[in-house]
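What follows is each chain in one-letter form.
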Amino acid sequence: MRYAVADYAIDRIEYPGHLIETFEPLSDSHYRWQMKEAFGSGRYEFCGLTDGFFVTFAETEYATPQSSYFNAPDSLLIYLASNGDGEYVPFAGEPLSFEAPSTVLVIEPAHQPPAEVTLAGVARYIYIVVHREVLKTLYAGSAHELPALLQAFLDGDLQRTSGRALPLSAAMLRCLEDVQTCPLDGRRRRIFLQSKALEIVCQALEAFDQSECFQSPETTKLTARGVVKAQRFLEANYVTPPSLEELAAEVGLSRSALCTGFRQILGQSVFDYVQDLRMQRALALLSEGDDPITQIAYAVGYNRSSSFAVAVHRHFGTTPSKLRRRGELTPSLRHRRRT
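Residues numbered from 1 in each chain as written. Predicted model: local features only at pLDDT ≥ 70, side-chain atom pairs only at ≥ 80, totals over all residues. Heavy atoms only, no water.

(A) Structural view of the packing of helix α3 (residues 170-180) against helix α7 (residues 255-266). Interhelical geometry of α3 versus α7 gives an angle of 60 degrees and a closest axis separation of 6 Å. The pairing of α3 with α7 is recorded here as oblique in orientation. Residues Ala 170, Leu 173 and Arg 174 of α3 pack against Gln 264, Ile 265 and Leu 266 of α7. (Axes fitted to C-alpha atoms, helices over the stretch in contact; angles between N-to-C directions. Helix = DSSP H or I, 4+ residues; strand = E, 2+ residues; numbered from the N terminus. Parallel < 35°, antiparallel > 145°, perpendicular 65-115°, else oblique. Contact = heavy atoms within 4.5 Å.)

See below:
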């Protein structure tokens, strides 16, 4: 990685045609591309936010593990993934696992040899590079608030690459999902990506600072992996969801670990998550079609239209028929949640 954002301007990019299927400029130093099947299907997006501050995110599927050598001298690297596998192996250092769900923080001083990076499977991740000068600017006058290792990095005293796997927090997972599903275009998209990148940096530094207070990394990773599996399973089965015991067995956790981990990572109970999925689908059906309300109730998992009406009122603060008449909800109503 180079420091100057001008080095990534679209008119200076020479992308390899044998690897890239399509290339779409979004703005200067901001573009997305689609990989050819031979390398790995999926989409990538890169945004050079400013000198020394870059964001890449991707949703890809690698037919075979893909390895390359990479370095970002004098930079803080943050890798956040909800899917995928792989590892980061610094020169003469210990490998860091990228097995998702995961957050990996790497501090790479200047003049380090490239690290070997391998990705595999169906990967869904965001990768952020923050140069030391950018971090200095962000923490000008407040460097003492950073963990000791990062203070040494800012002072130029760190002599070798250092990395750590961090617990995956609900806030970081939400940031990843927000970035992957962002509908904005143009300058607004760039501003949104910058705000989310800064939020992830703050969350990762907080997790780094508090990492000694968390449970063992293996237990944290096992729980996070189970919660993400449960989330995916419920997305496919919210109409007839399993019991907590059945869901816990499906994802390899105890019932208590599933319930606790679900609240910690996703910020709500399993029951509330299922209700949200049902209400999102109900909203789409009410807004986009003219099916009878009773039929919509059945379609999202309610055996009685009266139960469906109670759930809609609790979630949106109005009745299904009024919700339909409004057509498109206001943002405040759309995001209303149960209290």
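That shown, we press on.
(B) View of the packing of helix α6 (residues 244-251) against α7. At a minimum axis distance of 9 Å, the contact between α6 and α7 shows a crossing angle of 90 degrees. Relative to α7, α6 is oriented roughly perpendicular. For the pair α6 and α7, contact is made by Leu 244, Glu 245, Leu 247, Ala 248 and Val 251 and by Arg 255, Leu 258 and Cys 259, respectively. Partitioned by chemical class, the residues of the contact of α6 with α7 number six nonpolar, no polar and two charged. (Nonpolar A, V, L, I, M, F, W, Y, C, P; charged D, E, K, R; others polar.)

(C) Spotlight on the pattern of salt bridges. Within the structure shown, the criterion is met by 13 salt bridges. As a salt-bridge pair, Glu 99 and Arg 225 come within 3.5 Å of each other at their nearest N and O atoms. One end of the pair, Glu 99, is in the loop between β6 (96-97) and β7 (102-108); the other, Arg 225, is in helix α5 (residues 217-237), and 126 residues separate them in sequence. Here Glu 99 falls in the partly exposed class, since its relative accessible area comes to 30%. For Glu 199, the salt bridge is made with Lys 196, and the minimal N-O distance between the two is 3.4 Å. Placement of the pair is Glu 199 and Lys 196 together in helix α4 (residues 186-210), with a separation of three residues, close to one helical turn. Judged by its relative accessible area of 13%, Lys 196 is buried. One network of salt bridges, in which partners are shared, links Glu 24, Arg 32, Glu 45 and Arg 189. (Salt bridge = Lys/Arg side-chain N within 4 Å of Asp/Glu carboxyl O. Buried < 20%, exposed > 50% of the residue type's maximum accessible area, 1.4 Å probe, protein only.)

(D) Focus on the pairing of strand β8 (residues 115-131). Within β8, 14 of the 17 residues are buried, leaving the element largely enclosed by the surrounding structure. Here strand β4 (residues 53-70) pairs with β8 via 15 bridges, running antiparallel. Looking at β8, one finds that Tyr 62 is bridged to Gly 121. Two strands pair when backbone bridges link them, and strand β5 (residues 75-89) and β8 are joined in this way by 13 bridges, in the antiparallel orientation. The partner of Leu 80 across the bridge, within β8, is Ile 126. (Pairing = 2+ DSSP bridges.)

(E) Quick peek at the pairing of β7. β7 sits mainly inside the fold: seven of its seven residues count as buried. Across seven bridges, β5 lies against β7 in antiparallel orientation. Bridge pairing in β7 places Leu 80 opposite Thr 103. Relative to strand β9 (residues 162-166), β7 is paired through five bridges, and the arrangement is antiparallel. Bridge pairing links Thr 103 to Leu 166 in β9.

(F) Quick look at the packing of aromatic side chains. Applying the stated criterion across every chain, the model contains twelve aromatic pairs. Ring centres of Tyr 302 and Phe 308 lie 5.7 Å apart, and the angle between their planes is 55 degrees; on these two criteria the pair is classed as tilted. Phe 308 carries the same exposure label as Tyr 302, and that label is buried. These aromatic residues form a ring-pair network of at least three members: Tyr 8, Phe 23, Tyr 31, Trp 33, Tyr 44, Phe 46 and Phe 54. The ring centre of Tyr 8 lies 5.1 Å from the NZ or CZ of Arg 2, which sits over that ring. The residue whose ring lies beneath Arg 278 is Tyr 302, and the NZ or CZ to ring-centre distance is 5.0 Å. (Phe/Tyr/Trp six-rings, centres within 6.5 Å; stacked < 30°, edge-to-face > 60°. Lys NZ or Arg CZ within 6 Å of the ring centre and 35° of its normal.)

(G) Structural view of the environment of Val 201. One can find Val 201 in helix α4. Along the sequence, Val 201 and Leu 49 sit 152 residues apart, while their C-alpha atoms lie 14 Å from each other. In this structure, Val 201 is in contact with Ile 78, Ile 128 and Val 130, ignoring residues within four places of it in sequence.

(H) Up close: the state of the cysteines. Across all of its chains, the model carries zero disulfides by this definition. Among the cysteines around Cys 47, which has no disulfide bond, Cys 182 carries the closest sulfur, lying 11 Å off. (Disulfide = S-S within 2.5 Å.)

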